[in-house]
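# Summary of the model geometry
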Amino acid sequence: MTFPLLSLIVFLPVAGAAVLMFLRNDDAVRWTALGVTVLDLALCIAMLAGFDTTTHEMQFTERRPWVPALGITYALGIDGISALFVFLTALLGLICVLASWVAIDRKVKAFMVSLLGMQALMLGVFCALDLFLFYVFWEAMLIPMYLIIGVWGGDGRVYAAFKFFLYTLAGSLLFLIGVIVLYFNGGETFDILALTAQDLPFRVQSWLFFAFLVAFAVKVPMVPVHTWLPDAHVQAPTAGSIILAGVLLKMGAYGFLRFSLPMLPEASMYYSTLMLALSALAIVYGGLLALAQDDLKKLVAYSSISHMGFVTLGIFALNLRGLEGGILQMFNHGVTTGALFLFVGLIYERTHTRSIADYGGLMKAAPVYTAFLALFTLSSMALPGTNSFIGELLVLSGGFAANLAAGAAAVFGALLGAAYLLGMYGKVALGPASVGGRYKIRDVNAREMAAILPLAVFVLWVGLYPKPFLNVIDVSVKHLLAHVQSKGSGQ
Amino acid sequence: MTAAALFQSALASLPEIVVITGACILLILGQLLRKGQQHFLVWASVAVVLIAALATLMLAGEVRPAYTGMFIADRFAVFFKFVFYLATILTFLLSRKYADIEGIGSSEYYVLLLFALSGMMIMASATDLLSIYVGLELMVLCTYVLTGFLRQERRSNEAALKYVILGAVSTGIFLYGVSLVYGLTGTTQLDAMAAAVTGDPLDPGLLLAVVFIVAGLVFKVGAVPFHMWLPDVYEGAPTTITAFMSVGPKAAGFAVILRVFLNPLVAASDVWIIVAVIAVVTMALGSFVALVQDNFKRLLAYSSIAHAGFAIFGVVAGGADGIASVMLYLLIYSLMTLGIFGIVIMMRNGDFSGETIEDYAGLAKSHPGLALLMLLYLFSLAGIPPTAGFFAKFYVLVALVERGFVMLAVIAVLLSAVAAYFYIRIVMVIYMREPERVFDPALTPSVRATLAFTAAGTIGIGLFPAWFLRLAQVSVFGG
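If you're wondering where the values come from, they're calculated on a predicted model, not measured in any experiment.

Before going further, it helps to spend a moment on the overall build of chain A. Of regular secondary structure, chain A possesses 22 helices and two strands. Relative to the globule expectation of 23 Å for 491 residues, the C-alpha radius of gyration of chain A, 21 Å, shows essentially globular dimensions. Projected onto its principal axes, the C-alpha positions of chain A cover 70 × 55 × 40 Å. For chain A, contacts bridging at least 24 residues in sequence account for 81% of all contacts bridging at least 6.

This is the structure we're talking about:
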């Protein structure tokens, strides 16, 4: 057995959380949490350094029997698709600790323990190669996330936490039934790779497709099961929003990539038009809602719905450009929207208002802040040179190839994006000084800079030289696509 | 019956003999003790249960039929007996301080618990409708008295009276069913019953008999429509007894249900349709009514109805996996329920009753450790991984889907999503409110031990379920 690197990456935050339990001083808690996330990120980089981009096979695999009587194993492993998200999770974990440094001033220890627990579970979701293990990680995330929103959130936090919990729970319980049905139809195993190799009858695939769809659509979220998202985002503390937007939403799309497409290829192809329509609806509807928001956080939240629509559009275009664009866009959205929530949090810490109407002329008061805000805003609207441009371009070209109407809707959504994002930036940063002029606003300090800079680097890196990122996913995506097309063309 | 057969029978029922003898000795001994020496009784009772457990373990090697087919000591019975020992010992530990606070620490309290235990043990081993009846009555008569143990409280008296009357009616119904079976088949032994029926298993007389027996049994586990007594009894009884009743007698009821329902005769009469309806309605009622409860004990009463409903789904599934899933469910349910009752019992101190949910507001602030334990038990009751409660539900669902009852599985999970709401509402009260009072829990070493044990079980079985699953699977009778 080789060195269990993935187990170490997944369970390091748990060990860190256990250490935190014994600390009494808040600063010690913060520094320890920071140390754990830095170490975890370093391990992820080490893992990526040893990652072989020329094969679609699972790498760094570990396998141990867990519940042999039911064929459940403890199995971890990553391919190109999950490697990208393991890295994203570790990166955002670090940024969450930095973003909570002063924003969380009560029950710091409990918060950091929840945050680290959350990180371990999210990493576990992306690494799991056993469906039961995946489900355990997936569902257990509800506990720390419920606490993060409910204990440290805004005024309406209790309602938002309940809504988040119940929506996600109801979705995932149907997924659980789907998993068990899959278990009995796929040879009594929970092994994801073995289940991928099965040929299920189309009728079974259809039922499972919808059972899985409920769970994943709630997480993405797709219209019409998106209504938990604005509440959860607005009420969650900054770190909670970053986790939600950066990683949690990706899990729905990851579920499509890991389960729906490879295990249910016929159903995925058969219902792809429906999925494209839902994606187009999310893009346009999310964009229109964002256009009407006055609350900064709500605006970014609704923009997430629209952007995740691009992701699902790319995935269900079921062609190479669409899939690669969708996956890259998942990564980009994590970086960019994570950054935007960070920026909303930073300004909220200073002014205690999120209403766009209260702002104006921030550029004079906080030039560095506004400059970076401009970068991330432009990235979010997919200006050439930024990361989202590459992703959206691929998605659009894939989308047009698959379905003209869906592609057209996506273009319209991109225009909407420009409208609400530029509108927001114009009102906040430019124009006559409002809050920014009346009060003295502190510009970003070194700690905040440390959280912003890595994200800015990735915005430009992916925007100007996306090759390394596409390389990581390329072979896995090609393999996935070939698998879907060969198995799914039976109908 | 020859002397050798009698000896063999006595050997097979050695654990029951130990408990009953121990209870009789303690009954006399209790009268000789002076006030203030009663703590001795707790440890003596625990010792009796431990000796019985040892005897059970030594006899666990082989299947021993006894008393001319009325009684059997098999692995199935051993599994349930250990659940009972667990429930009883933990109840003793929880009772030590609580009995002092409530002033109910007389020797009868412990002796009655031991007699109830022996009744449950007989139920788990009974293979004849009449020996089932004897065990059942021994158990419920003790719990009637224990429910009314708070003599000065109207609620407790009312609960005991309700329990006696309704319990007697249900027992009567059960006995009537037994008499019908005897009239139609000429036997009351479970195995012989199946052999005696050669004609149509859907004979209306037999069907009626089965329905009566079912009604009598589901009363004991508190399933709808025979659940009316349960919330009042749970609320009125001393909390330690509520904890005991929601675990021990419930598990004993399921032991009998599994033996009777999965008997070929009952299995052939399509009774599973009735059972499936009972499961759905029970779970729905428990989950929805619990949503509006403010009293913690009442809420746990409805939650126990909902859990009984979920376990009945395992009975519906039947087969080896179905039986094993019910057994595992009951074991896990016992641990988490005793854990959460442990906290409720411990909060009862001084003038603080800890009976309403609001009483727990802000517990996380002053007692983070206790709050974390509550969090663990509550999420386990809600069935969220990685706790044991999730695995219990998961295995029942596996058994259901295995038999093709996918729609029932969907109903079960949707109802458990409803149930999750009232558990996380308590988490909300504990974590997301500001404390309104100073908490002074009665944290004695024996309560600490109970909490540590149940918490370790709740998280331990959740993370490493393999061994316990195997245990339940090999304990399924016939296997």
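Further remarks concern helix H9 (residues 204-221) of chain B. The periodicity of an α-helix, 3.6 residues per turn, causes residues three or four positions apart to be oriented the same way. Across its 18 residues, H9(B) extends 26 Å between first and last C-alpha, which sits within 8% of the 26 Å expected from 1.5 Å per residue. Remark: B:Gly222 follows H9(B) within two positions and exhibits a positive phi of approximately 75 degrees.

In a regular helix each residue adds 1.5 Å, so 19 residues correspond to 27 Å; helix H6 (residues 129-147) of chain B covers 26 Å between its end C-alpha atoms and thus fits that length. Residues B:Leu129, B:Ser131, B:Ile132, B:Tyr133, B:Gly135, B:Leu136, B:Met139, B:Val140, B:Cys142, B:Thr143, B:Leu146 and B:Thr147 constitute the buried set of H6(B).

This part covers the interface of chain B and chain A. On the chain A side, the residues contacting the 26 residues of chain B number 26 residues. If you list the elements that add at least two residues to the side of chain B that touches chain A, you get helix H18 (388-402), helix H19 (406-432) and helix H21 (466-475) of chain B. The greatest single-element share of the side of chain B that touches chain A, amounting to 13 residues, is contributed by H19(B). Partitioning the side of chain B that touches chain A into residue classes produces 22 nonpolar, two polar and two charged.

All right, on to the pairing of strand S2 (residues 72-78) of chain A then. Across six bridges, the pairing between strand S1 (residues 59-67) of chain A and S2(A) is antiparallel. Note on S2(A): the bridge partner recorded for A:Val67 is A:Ile72.

A few words now on the confidence of the model for chain A. Atomic detail in the predicted coordinates should be set aside for any region of low pLDDT. Confidence along chain A averages 89 in pLDDT terms, with 98% of residues attaining 70 or more. Averaged pLDDT values over the elements of chain A bottom out at 53 in helix H20 (residues 435-438) of chain A and peak at 94 in helix H5 (residues 131-140) of chain A.

In this section: the environment of A:Leu131. All names here are of chain A. Position of Leu131 relative to the elements: it lies in helix H5. Judged by the 28 C-beta atoms lying within 10 Å of it, Leu131 is buried. Along the sequence, Leu131 and Asp191 sit 60 residues apart, while their C-alpha atoms lie 6.3 Å from each other. The residues contacting Leu131, other than those within four sequence positions of it, are Val179, Phe190, Ile192 and Leu195.

Moving on to unusual backbone geometry. Following A:Val220, the chain continues into A:Pro221 via a peptide bond in cis, with omega recorded as -15 degrees. Along the chain, A:Pro221 falls in the loop between helix H9 (202-219) and helix H10 (228-235). Across the junction of B:Pro385 and B:Pro386, the peptide omega takes the value 5 degrees, indicating a cis bond. Within the fold, B:Pro386 resides in the loop between helix H17 (368-382) and H18. Phi at A:Lys107 is positive, roughly 50 degrees, even though this residue is not glycine.

Parameters and conventions
- Residues numbered from 1 in each chain as written.
- Chains lettered and ligands numbered in written order.
- Predicted model: local features only at pLDDT ≥ 70, side-chain atom pairs only at ≥ 80, totals over all residues.
- Helix = DSSP H or I, 4+ residues; strand = E, 2+ residues; numbered from the N terminus.
- Rg over C-alpha atoms; globule rule 2.2 N^0.38 Å.
- Contact = placed C-beta atoms within 7 Å.
- Expected span 1.5 Å × (residues − 1).
- Buried ≥ 20, exposed ≤ 12 C-beta atoms within 10 Å, placed from the backbone.
- Nonpolar A, V, L, I, M, F, W, Y, C, P; charged D, E, K, R; others polar.
- Pairing = 2+ DSSP bridges.
- pLDDT = per-residue confidence, 0-100.

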